[in-house]
Amino acid sequence: MGIDRREFIKRGAAISATAVCSPWLLSILGNTGCSPLPMKADFDETEINSLLSSALTRGGDFSEVFIEEISSLSFRMSESKFTQCIAGITGGVGIRTVEHDRNGYAYANGFDFARALEAAETATYIASGNTTTKVGEPQVEQAPDTIKVKIPIDSISEQQKMDLLMIADEAARSYSPHVKQVDITYDDLTRRRKIANSYGLRIENEMPMIWVVINVLAERDGVRCPGRMRVSGNQGFEFFDDNDIKQAARDAAAEAVSMLDARPAPSGSIPVIMNSGWGGVLIHEAVGHGLEGDLVYQDSSIYRGKIGQKVGSSLVNLVDDSSWVNKRGTTGFDDEGTPGQRNVLIEKGVLQGYMHDRISAKMLNAQPTGNGRRESYRHYPIPRMTNTFLESGAIDPKDIFADTPKGIFVKTLSGGSVDTISGQFNFVVREAYMIENGEITYPISGATLIGRGIDVLTNIDAVGNDLKLGVGICGKGQWVPVTAGIPTIRVKDGILIGGSA
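Residues numbered from 1 in each chain as written. Predicted model: local features only at pLDDT ≥ 70, side-chain atom pairs only at ≥ 80, totals over all residues. Heavy atoms only, no water.

Peer 1: Which parts of the structure should I look at to understand the pattern of salt bridges?
Peer 2: If charged atoms from side chains of opposite charge come close, those side chains can pair. What the rule picks out here adds up to 25 salt bridges. Between Arg 96 and Glu 64 there is a salt bridge, with its nearest N and O atoms 3.1 Å apart. Remark: Glu 64 occurs in strand 1 (residues 62-78) and Arg 96 occurs in strand 2 (residues 81-99); sequence separation between them is 32 residues. Comparing Arg 96 with Glu 64, the two get one shared label, buried. A salt bridge links Glu 219 to Arg 224, with the shortest nitrogen-to-oxygen separation between them at 3.6 Å. Taking the relative accessible area as the measure of exposure, Glu 219 reaches 25% and is therefore partly exposed. Its relative accessible area of 56% is what places Arg 224 among the exposed residues. Because the salt bridges share partners, they merge into one network encompassing Glu 64, Arg 96, Glu 336 and Arg 374. (Salt bridge = Lys/Arg side-chain N within 4 Å of Asp/Glu carboxyl O. Helix = DSSP H or I, 4+ residues; strand = E, 2+ residues; numbered from the N terminus. Buried < 20%, exposed > 50% of the residue type's maximum accessible area, 1.4 Å probe, protein only.)

If you want it as structure tokens, here you go:
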């Protein structure tokens, strides 16, 4: 009571007992009653060299120090009221010793050197003691310029950020009288990374990220349907110059209201047209995970041993590109220090390669591709997707629909799962429509998609010229931000529709 919004945010900053505190936050902590020890969010070169050397005292192929600090701010809005605000800051250091394909990993919260040294000594127990590895001379590398910032996130007032949410809330509610509930979350964070390894690599950067999720619930005559839109990017606040939050809110409301008229989905094998954008999550799950290098060398992928072989139609060109400027899956360099790059995975239906971190690249006699990613300093890196998409074709999407006498148009997907060994997948469809005589007709509900990724690729017979990317979070024991995208595509066969009609 009696304090302004900014002071409320400061006093409400949630700082864990192990959090790392930047100097600018120390005065704030005095108001919260927390008194963590002042720490610096880095180590000097002498300390880094000591950590790398300690991690190799029992041998190993190489060692690595990963330093991370994250500051964040989030708002939650429900029923046109702000219900939550959290400001946070956390960080620490992870130490890794690698021998063959094994990771010895330990981390320390904060940046106390004695604790980091203890972590390094713990990590080295993975090594067998059969090799002696020296730490190379430090070589500082410049991070790629793939994350461009014009307006720093922390230069924008909390009021301006809250105003955006109020605009989105009003846009969703004014779309239709059937919109009964709107929930919006806004998150921004700045992630600072520094990586040093025993090969001599020294590289660091700073990544801002914005993440907005709009959930809408529509209701009519006792029937309730949800709608959702998500927008995100590794970018400054200028992100909203090209990403209209008002339109995103309307799109979420449109989905919810449209599905109020849905009829039960049919079942059986029927041509499927996938919507451009987040429809790409089908390719991400059903195909992309099987192309991650660790699953390949562990013989857990249907795509093992298929480089140079046909795995899809000649229209299929699948790419993972972590160098795409400012996208949600873009990081400049991966969490091992390998620069982001464009990796062509499938070209004209022929498998060209896999996505690698340092270990999987060594195991498969390949080069790292910039796909070694980790959730935080508490995790060691593994091969993960970044911005994964099918390249555009040459067909106008309208012509794909006109050429489809009967089928299903899948506009948005919900949850799903895949068995990477067999390639078998299943997905829950959130928004879909029937196609009759080349036109989109009525919405359908209760559909699931069942099939094998390799069959989907083989049966893609039309690819539109309208590639879009959708944003999401990928889980593989660790959570990382990704984008997945496709142009409008038609899968003539290979997908079984599970429905109740």
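The structure having been displayed, the exposition proceeds.
Peer 1: Explain unusual backbone geometry here, please?
Peer 2: One can expect most non-glycine residues to show negative phi and most peptide bonds to be in trans. The backbone of Ser 80 shows a phi angle near 65°, a positive value even though the residue is not glycine. With respect to the helices and strands, Ser 80 occurs in the loop between strand 1 and strand 2. In this structure, His 100 takes a positive phi of about 60° despite not being glycine. Along the chain, His 100 turns up in the loop between strand 2 and strand 3 (102-109).

Peer 1: Explain the sheet that holds strand 12 (residues 342-347) to me, please; I cannot follow it from the model alone.
Peer 2: Strand-to-strand pairing in sheets goes through backbone hydrogen bonds, with the strands running parallel or antiparallel. Taken in spatial order, the 6 strands of this open sheet run 13-12-11-16-23-22, and their pairing is mixed. Sheet topology places strand 13 (350-351) and strand 22 (468-475) at the edges, where each strand pairs with a single neighbour. Bridge count between strand 22 and strand 23 (residues 479-486): 8 bridges; the pairing is antiparallel. Bridge pairing in strand 23 links Gly 470 to Ala 484. (Pairing = 2+ DSSP bridges.)

Peer 1: Could you clarify how one ought to interpret the layout of surface pockets in this entry?
Peer 2: Using a probe with the size of a water molecule, rolled over the atoms, empty space left in the structure can be pinpointed. By volume, the largest pocket is sized at about 1100 Å³. As for the largest pocket, its lining consists of 36 residues, of which Met 229, Arg 230, Lys 468, Leu 469 and Gly 470 are closest to the centre. Those elements giving two or more residues to the lining of the largest pocket turn out to be strand 7 (223-233), helix 6 (239-242), helix 7 (245-258), strand 17 (406-419), strand 18 (424-436) and strand 22. Ranked by the residues each element gives to the lining of the largest pocket, the list is headed by strand 7, at 6 residues. Split by residue class, the lining of the largest pocket holds 12 nonpolar, 13 polar and 11 charged. By volume, the second largest pocket amounts to about 770 Å³. Lining the second largest pocket are 30 residues, and of these Ile 70, Leu 189, Met 209, Glu 375 and Pro 481 lie nearest its centre. Elements with a contribution of two residues or more to the lining of the second largest pocket: strand 1, strand 2, strand 5 (179-197), strand 6 (201-220) and strand 23. Residues that form the lining of the second largest pocket fall into these classes: 13 nonpolar, 8 polar and 9 charged. (1 Å grid on protein atoms, 1.4 Å probe; cavity = no way out; pocket = protein on both sides within 12 Å on 5 of 7 lines; lining within 4 Å. Points joined across faces, edges and corners; volume = space filled by probe spheres on them. Nonpolar A, V, L, I, M, F, W, Y, C, P; charged D, E, K, R; others polar.)

Peer 1: It is not clear to me how the packing of helix 5 (residues 158-173) against helix 7 should be interpreted in this structure. Could you clarify?
Peer 2: Each pair of packed helices gets described by two things: the angle between the helix axes and the distance between those axes. Here helix 5 crosses helix 7 at 35°, and the two axes come no closer than 8 Å. Judged by the sense of rotation from one axis to the other, the crossing of helix 5 with helix 7 is right-handed. Two secondary-structure elements touch here, helix 5 through Leu 164, Ile 167, Ala 168, Ala 171 and Ala 172 and helix 7 through Ile 245, Lys 246, Ala 249, Arg 250 and Ala 253. (Axes fitted to C-alpha atoms, helices over the stretch in contact; angles between N-to-C directions. Left-handed = near helix turned anticlockwise from the far one by under 90°. Contact = heavy atoms within 4.5 Å.)

Peer 1: I keep staring at the pairing of strand 3 and nothing clicks. Help me out?
Peer 2: In the case of a regular strand, side chains alternate between the two sheet surfaces. With respect to burial, strand 3 is a largely interior element, 6 of its 8 residues being buried. With 8 bridges connecting them, strand 2 and strand 3 associate as antiparallel partners. Residue pairing for strand 3: Glu 99 is matched across the bridge by Arg 102. Turn length for the strand 2-strand 3 hairpin, with the two strands adjacent in sequence and antiparallel, is 2 residues, and the turn residue His 100 shows positive phi of about 60°.

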